[in-house]
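# Structure at a glance
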Amino acid sequence: AQSVAQPEDQVNVAEGNPLTVKCTYSVSGNPYLFWYVQYPNRGLQFLLKYITGDNLVKGSYGFEAEFNKSQTSFHLKKPSALVSDSALYFCAVRDIQAAGNKLTFGGGTRVLVKP
Amino acid sequence: NAGVTQTPKFRVLKTGQSMTLLCAQDMNHEYMYWYRQDPGMGLRLIHYSVGEGTTAKGEVPDGYNVSRLKKQNFLLGLESAAPSQTSVYFCASSYSPSGPPDTQYFGPGTRLTVL
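Here goes a summary of the coordinates provided.

Okay, the side chain of Gln37(B) next. Position of Gln37(B) among the secondary structure elements: in strand S4 (residues 31-37). The buried category is assigned to Gln37(B), whose relative accessible area is 12%. Residues in contact with Gln37(B), not counting those within four places in the same chain, are Gln38(A), Leu88(A), Phe90(A), Gly42(B), Leu43(B), Ser87(B), Val88(B) and Phe90(B).

All names here are of chain A. The alternating pattern of strand S12 (residues 109-114) places Thr-109, Val-111 and Val-113 on a buried face and Arg-110, Leu-112 and Lys-114 on a face that is not buried. Relative to S12, strand S2 (residues 10-14) runs parallel, the two sharing five bridges. Its bridge partner lying in S12, Ala-14 is registered against Lys-114. For strand S10 (residues 87-95) and S12, the ladder comprises three bridges, and the chain directions are antiparallel.

Bringing the sheet that holds strand S1 (residues 4-7) of chain B into the picture now. Residue and element names in this part refer to chain B. The sheet built from four strands is open, its strands ordered S1-S3-S8-S7 with antiparallel pairing. Two strands in the sheet have a free side with no partner beyond their single neighbour: S1 and strand S7 (65-67). Ignoring strand direction, the axes of neighbouring strands in this sheet form an average angle of 20 degrees.

Turning our attention to the state of the cysteines. The tally for this structure, following the rule as stated, stands at two disulfides over all chains. There is a disulfide in this structure between Cys23(A) and Cys91(A), and the S-S distance comes to 2.0 Å. Judged by the sign of its S-S torsion, about -60 degrees, the bond between Cys23(A) and Cys91(A) is left-handed. Taken as a pair, Cys23(A) in the loop between strand S3 (19-21) and strand S4 (24-26) and Cys91(A) in strand S10 lie far apart in primary sequence, 68 residues in all. Neither residue differs from the other here; Cys23(A) and Cys91(A) are each classed as buried. Between Cys23(B) and Cys91(B) runs a disulfide, and the two sulfur atoms are separated by 1.9 Å. In this structure the cystine formed by Cys23(B) and Cys91(B) twists about its S-S bond by roughly -75 degrees; its chirality is therefore left-handed. Within this pair, whereas Cys23(B) is found in strand S3 (residues 19-25), its partner Cys91(B) is found in strand S9 (residues 87-94), the two being separated by 68 residues in sequence. The exposure class assigned to Cys23(B) is buried, which follows from its relative accessible area of 0%.

Facing the 22 residues of chain A at the interface are 23 residues of chain B. Summed over both sides, the interface between chain A and chain B buries roughly 1,700 Å², with carbon and sulfur atoms accounting for 56% of that surface. Counting across the chain A and chain B interface gives zero salt bridges. Every element with two or more residues in the side of chain A that touches chain B is listed here: strand S5 (31-38), strand S6 (44-50) and S10 of chain A. No other element matches the four residues that S5(A) contributes to the side of chain A that touches chain B. Here the residues of the side of chain A that touches chain B are counted per class, giving 11 nonpolar, seven polar and four charged.

Our focus in this paragraph is the environment of His75(A). Residues and elements named next belong to chain A. Within the secondary structure, His-75 is located in strand S9 (residues 73-78). When the C-alpha positions of His-75 and Thr-24 are compared, they lie 7.7 Å apart, and in sequence the two are 51 residues distant. Residues within four places of His-75 in sequence aside, it is in contact with Thr-20, Val-21, Lys-22, Cys-23, Trp-35, Glu-64, Ala-65 and Glu-66. A polar contact of 3.0 Å, which involves the side chain of His-75, links it to the backbone nitrogen of Cys-23.

Quick notes on the rules
Residues numbered from 1 in each chain as written. Chains lettered and ligands numbered in written order. Predicted model: local features only at pLDDT ≥ 70, side-chain atom pairs only at ≥ 80, totals over all residues. Heavy atoms only, no water. Helix = DSSP H or I, 4+ residues; strand = E, 2+ residues; numbered from the N terminus. Buried < 20%, exposed > 50% of the residue type's maximum accessible area, 1.4 Å probe, protein only. Contact = heavy atoms within 4.5 Å. Pairing = 2+ DSSP bridges. Axes fitted to C-alpha atoms, helices over the stretch in contact; angles between N-to-C directions. Disulfide = S-S within 2.5 Å. Buried area = accessible area lost by both parts, 1.4 Å probe. Salt bridge = Lys/Arg side-chain N within 4 Å of Asp/Glu carboxyl O. Nonpolar A, V, L, I, M, F, W, Y, C, P; charged D, E, K, R; others polar. Polar contact = N/O pair within 3.5 Å; in protein donor to acceptor, adjacent residues only side chain to side chain.

Structure representation (structure tokens):
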């Protein structure tokens, strides 16, 4: 079975400060990991993914994430947050042995960036 | 290229009524998925399809049926709606039947209320 945990329901950060959204995962084999963002009343938009290779993955809108196998984590980061980054962020994992490209999502973390 | 579209955007049903949600994608994707999103629970997979004419159960399939008669369309049916099915429903699609998983692309969602 595969699972994802996002330990923080909400993260508050001042504009211009670094933003970190935490994610830990559990899979039986090697993971494929994803981050998605959801703006109000919209569908999910893909930010970035880790498949293999470099542990630091760069994605859209200046976001990046670091894969840490020993800590089973895939935290999302942005060096300088913008008010427009306020949204709901989802981490997702796929066990490479799972059929159907099925993703398991975390519960989501709401990010509020204050001016 | 519209991506993934969903019909309708909003719907209110009475308990016991039936309805069908339509998902269409114009990206020639093999895989399609139906999720529901509830507060604090992230996205949960209802049913998915790995190709035209095939469907499979996800994490929360009870009370729902699906059909994939055409590659570009994936229908989600509620035969007898219950208040517990009040949720936001998202459709997604992806391509890769083998190899590294491709990104799932999401539709804008359908907000369903069952009274």
